[in-house]
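Chain and residue survey
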Amino acid sequence: MLRDRQEFLRLIGPELSERLDLRRDAACGVWPDFTIAYVNPAWLRFARANGADGEFSSSWCEGASFLDGIGGRLREFYRSHLQAVLDGGAPWMSEYECSSPKLFRLYSMEVRRVGEGEALLVTHTRVVQCPHEQGVFLREPLDSAPWKDEHGLVHQCVHCRRVRRAGEAEQWDWVPQWVEHVPEFATGSLCPHCIATRYPELADQA
Ligand SMILES: [Zn+2]
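Residues numbered from 1 in each chain as written. Predicted model: local features only at pLDDT ≥ 70, side-chain atom pairs only at ≥ 80, totals over all residues.

**Quick word on the environment of V158**
In plain terms, the rule: In this description a helix means any DSSP run of H or I spanning at least four residues, a strand means any run of E spanning at least two, and both kinds are numbered starting from the N terminus. Residues with at least 20 other C-beta atoms within 10 Å of their own are called buried, those with 12 or fewer are called exposed, and the rest are partly exposed. The C-beta atoms themselves are positioned from the backbone.
With respect to the helices and strands, V158 occurs in the loop between strand 6 (154-157) and strand 7 (163-164). Owing to 19 C-beta atoms within 10 Å, V158 belongs among the partly exposed residues under this scheme. In the structure, V158 is positioned 60 residues away from C98 in sequence and 9.4 Å away in space, judged by C-alpha atoms.

**Details of the environment of Q177**
The residue Q177 is located in helix 4 (residues 176-180) in this model. Residue classification places Q177 among the partly exposed residues on the basis of 14 C-beta atoms within 10 Å. Separated by 76 residues in the primary sequence, Q177 and P101 have C-alpha atoms spaced 7.1 Å apart.

**Some thoughts on unusual backbone geometry**
Here the phi dihedral of F34 falls at roughly 75°; this positive angle occurs in a residue that is not glycine. Assignment of secondary structure puts F34 in the loop between strand 1 (27-30) and strand 2 (36-39). For R161, which is not a glycine, the phi torsion comes out positive at approximately 70°. Taking the C-beta count within 10 Å as the criterion, R161 has 24 such neighbours and is therefore assigned buried.

**A word on the nonpolar core**
For clarity, the threshold we go by: Here a nonpolar core is just a set of buried residues of the types Ala, Val, Leu, Ile, Met, Phe, Trp, Tyr and Cys, joined wherever their C-beta atoms sit within 7 Å. Residues are scored as being in contact if the C-beta atoms we place from backbone atoms lie within 7 Å.
Core analysis: the largest hydrophobic core is formed by 21 residues, its most contacted members being A27, C28, V30, L120 and V122. Look past the residues within four positions of A27 in its chain and what remains in contact with it is L20, N40, A42, W43, L121, V122, T123 and H124.

**Remarks on the pairing of strand 1**
Counted only if it meets this: The pairing criterion is simple: DSSP has to find at least two bridges between the two strands.
Of the two faces of strand 1, the one carrying A27 and G29 and the one carrying C28 and V30 are both buried. Summarising the sheet, strand 1 and strand 5 (residues 119-131) pair through 4 bridges and their orientation is antiparallel. The residue of strand 5 that forms the bridge with G29 is L121. For strand 1 and strand 2, the ladder comprises 3 bridges, and the chain directions are antiparallel.

**Notes on the confidence of the model for the chain**
To be explicit about the condition: Known as pLDDT, the predictor's per-residue confidence is scaled from 0 to 100.
Summary statistics for the chain give a mean pLDDT of 82 and a share of 86% for residues scoring 70 or more. Looking over the chain, one finds the lowest element-wise mean pLDDT in helix 6 (residues 200-205), namely 72, and the highest in strand 1, namely 96.

**Section: the pairing of strand 3 (residues 92-97)**
Strand direction decides the pairing type here: strand 3 and strand 4 (residues 103-114), joined by 6 bridges, are antiparallel. Residue pairing across strands places S94 opposite M109, the latter belonging to strand 4. With antiparallel pairing between neighbouring strands as the criterion, strand 3 and strand 4 make up a hairpin whose turn holds 5 residues.

**Regarding helix 1 (residues 5-22)**
The test is simple: Each residue after the first adds 1.5 Å to the expected span of a helix. The angle between axes fitted to the seven-residue stretch ending at a residue and the seven-residue stretch beginning at it gives the bend at that residue.
Here helix 1 contains 18 residues, and its C-alpha end-to-end distance of 17 Å is more than 12% below the 26 Å for a straight helix at 1.5 Å per residue. At G13, helix 1 is bent by approximately 110°, the largest bend along its length, and proline P14 sits one to four residues beyond.

**With respect to the sheet that holds strand 3**
Backbone-to-backbone hydrogen bonds join strands into a sheet, with any given pair of strands oriented parallel or antiparallel. Going by this rule: Where helices are involved, their axes are fitted lines through C-alpha atoms of the stretch in contact, as for all axes, and angles between N-to-C directions lie from 0 to 180°.
Pairing within the open sheet is antiparallel, and its 5 strands lie in the order 2-1-5-4-3. Strand pairing shows two members of the sheet lacking a second neighbour, strand 2 and strand 3, which therefore form its edges. Taken over all neighbouring pairs, the strand axes of this sheet differ in orientation by 20° on average, direction set aside. The pairing of strand 4 with strand 5 spans 12 bridges and is classified as antiparallel.

Printed below as a string of structure tokens:
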């Protein structure tokens with residue numbers, strides 16, 4: 001049986017379909033095998049706006065695996081929570097930071113079960129948008145040396161996009177140019193703040 005977007009829309013019904021169409025923020029439907037069943041117009045707008053740097057790839061769309069858009073340690077974290085919602089039915093809420101060079105943005109993601117676990121509905125909602133602390137985002141380093149490790153790599157938090165200052169134990173800075181365009185010498189990492197506030201389960205494992 002072809003599991004396409006029409007089938008997902010039939011599952012959720014016309015009223016919810018229309019609300020997802022009109023949402024300001026992204027939403028998607030996910031089949032129990034984690035294939036993306038449906039994305040709403042806001043998802044497509046966001047993908048177009050952010051696709052250029054590869055962070056939010058345009059290939060992360062209907063028919064692809066939802067988990068393909070999530071790298072590293074977070075992949076299993078998301079997979080297990082999605083599976084728990086499919087199995088148990090209780091919605092899962094998670095907050096995450098998705099900032100631009102000038103604005104701090106906090107989003108809330110909700111995952112809930114459709115029907116008896118025929119699918120999942122994932123909705124993202126922006127809960128905070130405000131300027132970064134003054135002075136922090138205005139930093140303009142033209143020399144990347146202070147952030148490069150012994151291998152010439154800059155460790156950038158995949159969540160808040162802060163970068164780790166080389167030589168400092170845990171000092172993570174905002175570098176606006178690197179939020180806008182992830183540099184080639186960047187490597188994905190997680191800062192302690194994001195681990196502690198967003199992924200306490202990962203903090204426990206560390
Ligand atoms: Zn972070």
